[in-house]
Amino acid sequence: MTHRMILNETSYFGAGCRENIAVEAIRRGYKKAFFVTDKDLIRFKVADKVVEVFEKNGIPFEIFSDVKANPTISNVQNGVKAFTESGADFIVALGGGSAIDTAKGIGIVFNNPDFSDVKSLEGVADTKNKAVPTFALPTTAGTAAEVTINYVIIDEEAKKKMVCVDPNDIPCVALIDPELMYSMPKGLTAATGMDALTHAIESFITPGAWLMSDMLEIKAIEMIAKNLKAAVDNGNDPVAREAMAQAQYIAGMGFSNVGLGIVHSMAHPLGAHYDTPHGVANALLLPYVMEYNAESSAAPKYLDIAKAMGVDTLGLSVEEGVKAAVDAVRSLSLSIAIPQKLHEIGVRKEDLHQLAIDAFNDVCTGGNPRPTSIEDIEVLYNKAF
C-alpha cells in the first residue's frame, strides 16, 4: 500500500518566530503582503505584532479583515477582489482556522479562476495551480490549518459547510509562535485544544492511519492531555502554551494526510446551521462518537489512546481500554468547562434529522472506522442532545 505525506515547505516554532516572516519574504523575493486577519485580532492588538514585523522590515502590506468565525463564500470572493486590487504578491494569514481558511480560499481562487464560484471547490477539487504563496500564523492551538491541505467554507444559501481538500492550498510557510496565543480567552483555549485532540483521536483510528500518522497522533494526544488544562487555567503559562501550539501542529501533520471521521461530519452541520464554533462542536461530540466507534476494528487502539491520556493501562482488556479512553477524554472536557449536551448550545431537537442527513453526506464520513448511516448518526445526535 502507498501512503502520501504532504507538509509545509518551511515551518518555524517558538516564541517570537513571527520575525521570520521578513526572512522568508526577502528570501523568496516577495514585495507586498496581503494581510488576512479578523477584526477582533485587530481590536485586541494581536495583529499589531505582525504589523510591527512588516513595518520594521519595510514590507508594504494591505489589511483584509472581512473574516467571519465560520467563513463564507462571499468572504472568499470579497477577498479575491481585494487581493486583485491590492497588487500584493503573497498572503500572510493571522488567526484561527477562520482567517487561515479564508486566506486559503482566496489564494486558490485567485490562481484558479475557473473555481471563482467557490462552490466547485467542495470535496477534492481538480485545481491546476498552487495557491498564492501564503504564510500562516495561528493564534489558536487547535485547527492546524497552517499545515493541512483542508479548509472549510460555508455555503450560506445551502446552509452547508463545504470541506475542501486540495494539496495546492497548503501554506508554504507556517510560523507557530505561542506569543500570538497568549490573549486567547479560556473558553477559546479549551474549545480549540479539544479540537486538536479530536483531530488526533479521529485520525489515529481512521482506516487510512499508518505507522507515521500513528506516531504523530499518539504524541499529540499525550501532549494535549498533559498541557491543555494548564493552558486554560493560566493562559500566560509559556510551557503549556508552547506545548499546545506544537501539539496541534503535530496532530495536523497526521490528519491532513489520513483523514478524519464522523465527529467532524457531525460538527460541520452545527456550524452551518447555528454558527456553532467548530472546536465546541467537536469537543462536545467526541466522547459520544468514540463510544460508537469502539464497535469497530479500531477498538484495540483505544488502549493506546488511554495510555497517551495518562491512564495506567497495564493489564486492561480491550473493553476496559475503551472505557478508560472515553472516560479520560470526557474528564478532560469537563475539567475545562466544555458543554456536554447539544441543547446547551442552542441546538433544536426538531433539526436533528436534517443535521444527520447533512452529516452523513459530509466528506469526512468516509474516513470513519465504523460504517455508518443517517439513522445511526441521528441516534448519536439524540444521545448527545
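Refer to the structure presented above.
Structural notes, computed from the coordinates. Computed from a predicted structure; not experimentally measured. Think of each chain on its own: its residues are numbered from 1, step by step along the sequence as written. Thresholds applied to this predicted model are a pLDDT of at least 70 for local features of residues and 80 or more for the giving and counting of side-chain atom pairs; totals over whole chains, interfaces and linings are not thresholded and use all residues. Remark: hydrogens and water are excluded; side-chain values derive from all non-hydrogen atoms of the structure.

## Here we look at the pattern of salt bridges
The term salt bridge refers to a pairing of a side-chain nitrogen on Lys or Arg with a carboxyl oxygen on Asp or Glu at a separation within 4 Å. In total, this model carries 23 salt bridges according to the counting rule given. For the salt bridge of Arg28 with Glu24, the shortest nitrogen-to-oxygen distance reads 2.9 Å. You can see Arg28 and its partner Glu24 sitting in helix H1 (residues 20-28), 4 residues apart, about one turn around the helix. Of the two residues, Arg28 and Glu24, neither departs from the other in class, the shared state being buried. Across the pair Lys81 and Glu85 runs a salt bridge whose closest N-O atoms are separated by 2.8 Å. With Lys81 and Glu85 both in helix H4 (residues 73-86) and 4 residues apart, this pair spans about one turn of that helix. When accessible area is computed with a 1.4 Å probe and restricted to protein chains, residues below 20% of their type maximum are described as buried, those above 50% as exposed, and intermediate ones as partly exposed. Take Lys81: its relative accessible area is 52%, and that puts it in the exposed class. Each of Glu9, Glu24, Arg27 and Arg28 takes part in one network of salt bridges that share partners. A run of DSSP states H or I qualifies as a helix once it reaches four residues; a run of E qualifies as a strand once it reaches two. Both are numbered from the N-terminal end.

## Some details on the packing of aromatic side chains
For Phe, Tyr and Trp, rings pair up if their centres lie within 6.5 Å, where Trp contributes its six-membered ring, and each pair is then called stacked (planes under 30 degrees apart), edge-to-face (over 60) or tilted (otherwise). For the structure on display, the rule yields 9 aromatic pairs. Geometrically, the ring pair formed by Tyr30 and Phe135 is tilted, given 6.1 Å between the ring centres and 50° between the ring planes. With Tyr30 in the loop between H1 and strand E2 (33-36) and Phe135 in strand E6 (residues 134-138), the pair connects residues that are 105 residues apart, well separated along the chain. Relative to Phe64, the ring of Phe34 lies with its centre 5.6 Å away and its plane at 25°, an arrangement referred to as stacked. Of the two residues, Phe34 sits in strand E2 while Phe64 sits in strand E3 (residues 61-64), which places them 30 residues apart along the sequence. Phe64 sits in the buried class, given a relative accessible area of 8%. An aromatic cluster of at least three residues, connected via ring pairs, comprises Phe34, Phe64, Phe83 and Phe110. Positioned above the aromatic ring of Phe204 is the side chain of Lys301, whose terminal nitrogen or guanidinium carbon lies 4.3 Å from the ring centre. Consider the ring centre and the ring normal. A charge sits over the ring if Lys NZ or Arg CZ is within 6 Å of that centre and within 35 degrees of that normal.

## With respect to helix H14 (residues 374-384)
Every buried residue of H14 is accounted for by Ile377, Leu380, Tyr381 and Ala384. Projection of H14 onto a plane perpendicular to its axis shows the buried side chains occupying an angular sector of 100°, all on one side. The exposed residues of H14 that point more than 90 degrees off its buried face are Glu375 and Val379. Packing partners of the buried residues in H14 comprise helix H9 (262-274), helix H10 (278-293) and helix H13 (352-360). An arc is given here, and it is the one of the directions from the helix axis to the C-beta atoms. The contact rule is simple, with two residues in contact once any of their heavy atoms fall within 4.5 Å.

## Describing the nonpolar core
Residues Met194, Leu197, Met266, Leu285, Met290, Ile305 and Tyr381 are the most contacted members of the largest nonpolar core, which totals 77 residues. Of all the elements, helix H8 (residues 238-258) adds the most residues to this core, at 10 residues. Residues within four places of Leu285 in sequence aside, it is in contact with Val263, Met266, Ala267, Leu270, Leu342 and Ala384. Here, nonpolar core means buried Ala, Val, Leu, Ile, Met, Phe, Trp, Tyr and Cys residues that are tied together by side-chain atoms lying within 4.5 Å of each other. Counting 30 residues, the second largest nonpolar core, distinct from the first, contains Ala103, Val109, Val118 and Ala136.

## Observations regarding the side chain of Asn282
Here Asn282 is to be found in helix H10. The class of Asn282 is buried, set by a relative accessible area of 0%. Counting of polar contacts relies on pairs of N or O atoms within 3.5 Å, with two restrictions inside protein: one atom must be capable of donating a hydrogen and the other of accepting it, and residues adjacent in sequence are counted only when both atoms are side-chain atoms. Separated by 3.2 Å, the side chains of Asn282 and His264 make a polar contact. Excluding anything up to four places from it in sequence, Asn282 contacts Asp195, Thr198, Val263, His264 and Ala267.

## Considering the environment of Phe360
Tracing the backbone shows Phe360 in helix H13. Residues Phe360 and Pro171, spaced 189 residues apart in sequence, show a C-alpha to C-alpha distance of 29 Å.

## Structural notes on unusual backbone geometry
Even without being a glycine, Lys159 presents a positive backbone phi close to 50°. Mapped onto the elements of the fold, Lys159 is located in the loop between strand E7 (150-155) and strand E8 (160-165). Unlike most non-glycine residues, Ala337 shows phi in positive territory, near 65°. Secondary-structure assignment places Ala337 in the loop between helix H12 (318-335) and H13. Of the residues examined, Ala337 reaches a relative accessible area of 65% and is grouped as exposed.

## Here's the deal with the layout of surface pockets
A volume near 220 Å³ is recorded for the second largest pocket. In this analysis the probe radius is 1.4 Å and the grid spacing 1 Å, with only protein atoms considered; a cavity is a set of points the probe fits into but cannot get out of, a pocket is an open set with protein on both sides within 12 Å along at least five of seven lines, and lining residues have an atom within 4 Å of a point. In this structure, the second largest pocket is lined by 17 residues; those nearest its centre are Glu9, Lys130, Ile170, Pro171 and Cys172. Note on residue categories: nonpolar means Ala, Val, Leu, Ile, Met, Phe, Trp, Tyr, Cys or Pro, charged means Asp, Glu, Lys or Arg, and polar means any other residue, Gly included. Classifying every residue of the lining of the second largest pocket by side-chain character gives 10 nonpolar, 3 polar and 4 charged. Grid points are joined across faces, edges and corners, and a volume is the space filled by probe spheres set on the points.

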